[in-house]
2 protein chains.
Amino acid sequence: MSEIETASAFTPRFGPDGLITCVTVAAKDGAVLMVAHMNAEALRLTLETGIVHYWSRSRQALWRKGDTSGQTQRLQELRVDCDQDAVLALVEVGGDGGACHTGRRSCFYRRVSGADLEFLVP
Amino acid sequence: MSEIETASAFTPRFGPDGLITCVTVAAKDGAVLMVAHMNAEALRLTLETGIVHYWSRSRQALWRKGDTSGQTQRLQELRVDCDQDAVLALVEVGGDGGACHTGRRSCFYRRVSGADLEFLVP
């Protein structure tokens, strides 16, 4: 068993791009809302402020979730995986309760069916 | 709204490393089990065989989950996110019911508490 898996110290492992993957779920029911990325600053700010911050790869900018959409995410709990290269954020969602910029609650609103996608939410 | 978010075609967007992030949850209760990566071949084999395949970044090899551990993952449903750069796999877990190579059900068995980690599962 490698040391990082049994460690009681939080030593997140950022990738070559300086980012760690974050899976964000609703604290109240565990629904997977989105997958995004954090750099060290976003992770630090998330833990310090209790408001979830990400790093936007498309905009190459720090992104405090909800600043423009109102869909804030208040951190309830942060978990880390065995090899400490991914985190799981349990959040309480503000605004309209959504996490996806399309207006839906979750970004995972389509199911793969062969080469097609079926919409689970219109 | 960009076209990829409203599309009914599955056009997964792999990163510069050829990989897409996969969040794997238990179909029966939605628990987040693990985060891993798939290359195009792993994704294709997952859909074709119904048995989840990943790409192991540490071993740089295709990885049919469960081959050595017995912790197979039978795909119940695959979802894709708004910008099609992450997938969500709903699975039924074989073997001992775990997904983590440490023997635990989920890889997210530790909670961040300041600079420390608290074990949620011994």
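Here, every reference points to the structure presented above.
Residues numbered from 1 in each chain as written. Chains lettered and ligands numbered in written order. Predicted model: local features only at pLDDT ≥ 70, side-chain atom pairs only at ≥ 80, totals over all residues. Heavy atoms only, no water.

> How should the interface of chain A and chain B be read in this particular structure?
It is common to give the size of an interface as the accessible area that goes away when the parts come together. Counting residues at the interface gives 42 residues for chain A and 42 residues for chain B. Considering only the surface of chain A that becomes buried against chain B, Phe-108, Arg-110 and Val-112 of chain A emerge as the three largest contributors, covering 18% of it. Seen at the junction of chain A and chain B, the total is 4 salt bridges. Salt-bridge contacts for Glu-77 of chain A lead to Arg-111 of chain B; the nearest nitrogen and oxygen are separated by 3.3 Å. Between the two partners, chain A and chain B, sit 28 residue pairs in polar contact (both at pLDDT 80 or more). Top element by residues in the side of chain A that touches chain B is strand β5 (residues 73-80) of chain A. It accounts for 4 residues. Here the residues of the side of chain A that touches chain B are counted per class, giving 25 nonpolar, 8 polar and 9 charged. Pairing geometry for β5 of chain A and strand β7 (residues 110-113) of chain B, over 2 bridges, is antiparallel. What sits directly across from Val-80 of chain A, in β7 of chain B, is Arg-110 of chain B. (Contact = heavy atoms within 4.5 Å. Buried area = accessible area lost by both parts, 1.4 Å probe. Salt bridge = Lys/Arg side-chain N within 4 Å of Asp/Glu carboxyl O. Polar contact = N/O pair within 3.5 Å; in protein donor to acceptor, adjacent residues only side chain to side chain. Helix = DSSP H or I, 4+ residues; strand = E, 2+ residues; numbered from the N terminus. Nonpolar A, V, L, I, M, F, W, Y, C, P; charged D, E, K, R; others polar. Pairing = 2+ DSSP bridges.)

> Even after reading the chapter, I still don't get helix α2 (residues 40-49) of chain A, so can you show me in this structure?
Owing to its 3.6 residues per turn, the α-helix aligns residues three or four sequence positions apart on the same side. Residue and element names in this part refer to chain A. Buried within α2 are the following residues: Ala-42, Leu-43, Leu-45 and Thr-46. Seen along its axis, α2 keeps its buried residues to an arc of 165 degrees; they face one direction. On its buried face, α2 sits against β2 (32-38), β3 (53-56), β4 (61-64) and β5. Just downstream of α2, Gly-50 is the residue with a positive phi angle, here 75 degrees. (Buried < 20%, exposed > 50% of the residue type's maximum accessible area, 1.4 Å probe, protein only. Arc of directions from axis to C-beta.)

> Which parts of the structure should I look at to understand the side chain of Thr-21 of chain A?
When you line up the elements, Thr-21 of chain A lands in strand β1 (residues 20-26). In contact with Thr-21 of chain A, not counting residues within four places along its chain, are Val-35, Ala-36, His-37, Asp-85, Ala-86 and Val-87 of chain A together with Thr-21 and Val-35 of chain B.

> Honestly, the sheet that holds strand β8 (residues 116-119) of chain B in this entry has me stumped. Any pointers?
Strand pairing in a sheet relies on backbone hydrogen bonds, with the paired strands running either antiparallel or parallel. Judged by pairing direction, the sheet is mixed, and its 6 strands sit side by side in the order β2(A)-β1(A)-β6(A)-β5(A)-β7(B)-β8(B) without closing on themselves. Since the sheet does not close on itself, it has two edges, and those belong to β2 of chain A together with β8 of chain B, each with one partner. Neighbour-to-neighbour, the strand axes of the sheet open up by a mean angle of 35 degrees, direction not taken into account. (Axes fitted to C-alpha atoms, helices over the stretch in contact; angles between N-to-C directions.)

> Got a minute to help me understand the pairing of strand β5 (residues 73-80) of chain B in this structure?
All names here are of chain B. Inspection of the sheet shows β5 paired to strand β6 (residues 86-93) by 7 bridges, in the antiparallel sense. Across the sheet, Glu-77 pairs through a bridge with Leu-90, a residue of β6. Where β5 folds back on β6, the antiparallel hairpin that results is connected by 5 residues, among which Gln-84 adopts a positive phi of roughly 55 degrees.

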